[in-house]
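# Report on the structure
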Amino acid sequence: MSLLSKKNINDRLKFSRKYKDWIAEDRCKEWHHIILQEGLHPTIQEQFGDNLCILQHDGAPCHKVTMSEKDEETFKSVDLEQQAQKSPEPDIHPQQPPSETDKPSTPSASPVEAKAETTPSPRTSEVKAKWKSSAEQFKVKRFFVLRPGTLDQGLEDVKSLVNPTEDGPVLSVWLMTEIDHWNNEKERLVLITENNLLVCKYDFVMLNCEQIQKIPLNIIDRISHGAFCFPPHSLLKREGEGVRVFWDKLREPSFTSRWNPFAVDYPFCTFTYHPVKGASEQLGRLCEIQNFKEELTLAAQKAHSKNPVPGKANGVLVLNQPILIEAYVGLMSVIGNQNKLGYCLARGNIGF
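Here goes a summary of the coordinates provided.

Each value, and the rule that gives it
- Residues numbered from 1 in each chain as written.
- Predicted model: local features only at pLDDT ≥ 70, side-chain atom pairs only at ≥ 80, totals over all residues.
- Heavy atoms only, no water.
- 1 Å grid on protein atoms, 1.4 Å probe; cavity = no way out; pocket = protein on both sides within 12 Å on 5 of 7 lines; lining within 4 Å.
- Points joined across faces, edges and corners; volume = space filled by probe spheres on them.
- Nonpolar A, V, L, I, M, F, W, Y, C, P; charged D, E, K, R; others polar.
- Phe/Tyr/Trp six-rings, centres within 6.5 Å; stacked < 30°, edge-to-face > 60°.
- Helix = DSSP H or I, 4+ residues; strand = E, 2+ residues; numbered from the N terminus.
- Buried < 20%, exposed > 50% of the residue type's maximum accessible area, 1.4 Å probe, protein only.
- Lys NZ or Arg CZ within 6 Å of the ring centre and 35° of its normal.
- Salt bridge = Lys/Arg side-chain N within 4 Å of Asp/Glu carboxyl O.
- Contact = heavy atoms within 4.5 Å.

Next up on the list: the layout of surface pockets. Considering only enclosed or pocket space, the second largest pocket measures out at about 1,000 Å³ in volume. Lining the second largest pocket are 36 residues, and of these Asp180, Glu185, Lys186, Arg188 and Lys201 sit closest to its centre. Residues belonging to the lining of the second largest pocket are distributed by class as follows: 17 nonpolar, eight polar and 11 charged.

This is the structure in C-alpha cells:
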C-alpha cells in the first residue's frame, strides 16, 4: 500500500509530465531555482524570520560531496536574501565549451603568468571567508550563555547572592574566561562590588551558581595587562591578551601548588576574553578586558582609601607587561581548551 497521499501523487505526476523532455543539466538548474526560491526560502522565512539558521544534512553518504581545489574555485555560495530580491530565470541552454579544433593556438605561458594563474581569485577568497564565518557562527551558537534569557537569569542569580552589608552595592558585572596556572580555560561571571571582587562559577545549563571566590578590593596591590607568554622551553602557546589581578605579593606559590592542576591557593587570578564577545554588542561590553581593568582599578583605589590595611602599602600598581603562564607541557589544557570543557556548551549526545 502506498504511503503517499493523493495530493502528493498528483503533484509528482504533474511535475514529471511538465519536465519529461528535459535533460539532466536543465533539471539541475531549474530544480535549483524551484527548491530554493519556492520551497526552502519561504519555509525558512516562515519558521525563523531573519534569524540565523544552520542547514545540515542527515549524514547519508549520498549527501556528502568531496570537492577538489578546482571545484572550490568555481563553487558559488547561495545568498537566499539576495536571491529573494532578484531571482533571474535560469539558463536552461548552457553554452557548450569550444572543441579542441576551435581553440586558437596560444603561446606557452611564462613562469610569472603561470604563478599568477595559481593565485586564488578574490571571488574564491570571498567564498572561503564566508563559509569560515558561517562555521564560526555555528560554533559560537553552541554556548548556553547565548540561549535567550540565560545570561540575564545568570546575572540576576549571582547578584542575589551579594551581601549588601559585607560586599556593598554591585558596581559592574562581566562575562570572562579565567585561565588557571595550568592554562585551563574556565567560564566565569565576575562582579565588582564596592568592597569585593566576586569570581562566580555559574552553570548556564542548570542555572545555578556553584562556587564564589571573594577577593577584598583593599588587598589588591597589582593589576597587569598584556599579551600571554610562556617559559622558553614550554610547548604551549596562547594568543590574545588578558588581565592578571594580584593580592598578596609577599606570598609565592609553593612547589606542590605549581604542579597541582587543582590548586586554588594562588595569590592571583587571570582573565581574558570570552569566546562569545563578538556575538552581540551587549556581550562585547560585558567581555571587554580594557574596561574591566579600568573599573577594577578605580574600585580598588577607592577601597584602599576607604578601608586601608594596617602595615601594608596602600594603592594599586597598574602594569602593562606580558602575562607569564608557567606551564610547560599541559596536555590536559590542550585537550580541555580545544573541546571547550571549561564552558557550558551543547555537546550533542556526549553530555557535559
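Picking up where we left off.
Here we come to the packing of aromatic side chains. Considering all chains together, one arrives at six aromatic pairs under this definition. On the basis of an interplanar angle of 75° and a centroid distance of 5.6 Å, the ring pair of Phe271 and Phe292 is categorised as edge-to-face. Of this pair, Phe271 sits in strand E7 (residues 268–272) while Phe292 sits in helix H10 (residues 289–306), placing them 21 residues apart in sequence. With respect to class, Phe271 is no different from Phe292; both count as buried. An aromatic cluster is built from Trp174, Phe271 and Phe292, whose rings are joined through pairwise contacts. For Arg238, the ring lying beneath its charged end belongs to Phe228, and the centroid distance is 5.7 Å. One Lys or Arg, Lys277, reaches over the ring of Tyr273 and ends 5.2 Å from the middle of that ring.

With that settled, the discussion passes to the pattern of salt bridges. Once the charged atoms of two side chains with opposite charge are near each other, the side chains can pair. Following the criterion strictly, the structure yields eight salt bridges and no others. Taking the shortest distance from any N to any O, the salt bridge between Lys214 and Glu166 comes out at 3.8 Å. You can see Lys214 sitting in strand E4 (residues 208–216) and its partner Glu166 sitting in the loop between helix H7 (150–160) and strand E1 (170–179), a full 48 residues away along the chain. Given a relative accessible area of 46%, Glu166 falls into the partly exposed group. By sharing partners, the salt bridges in this structure join Glu166, Asp167 and Lys214 into a single network.

Next up on the list: the side chain of Arg238. Looking at where Arg238 falls in the secondary structure, it is placed in the loop between strand E5 (222–229) and strand E6 (241–246). Its relative accessible area of 16% is what places Arg238 among the buried residues. With residues near it in sequence (within four places) discarded, Arg238 still touches Ile179, Asn183, Glu185, Phe228, Phe230, Ile325 and Asn337.

Shape is all these values report; function is a separate question.
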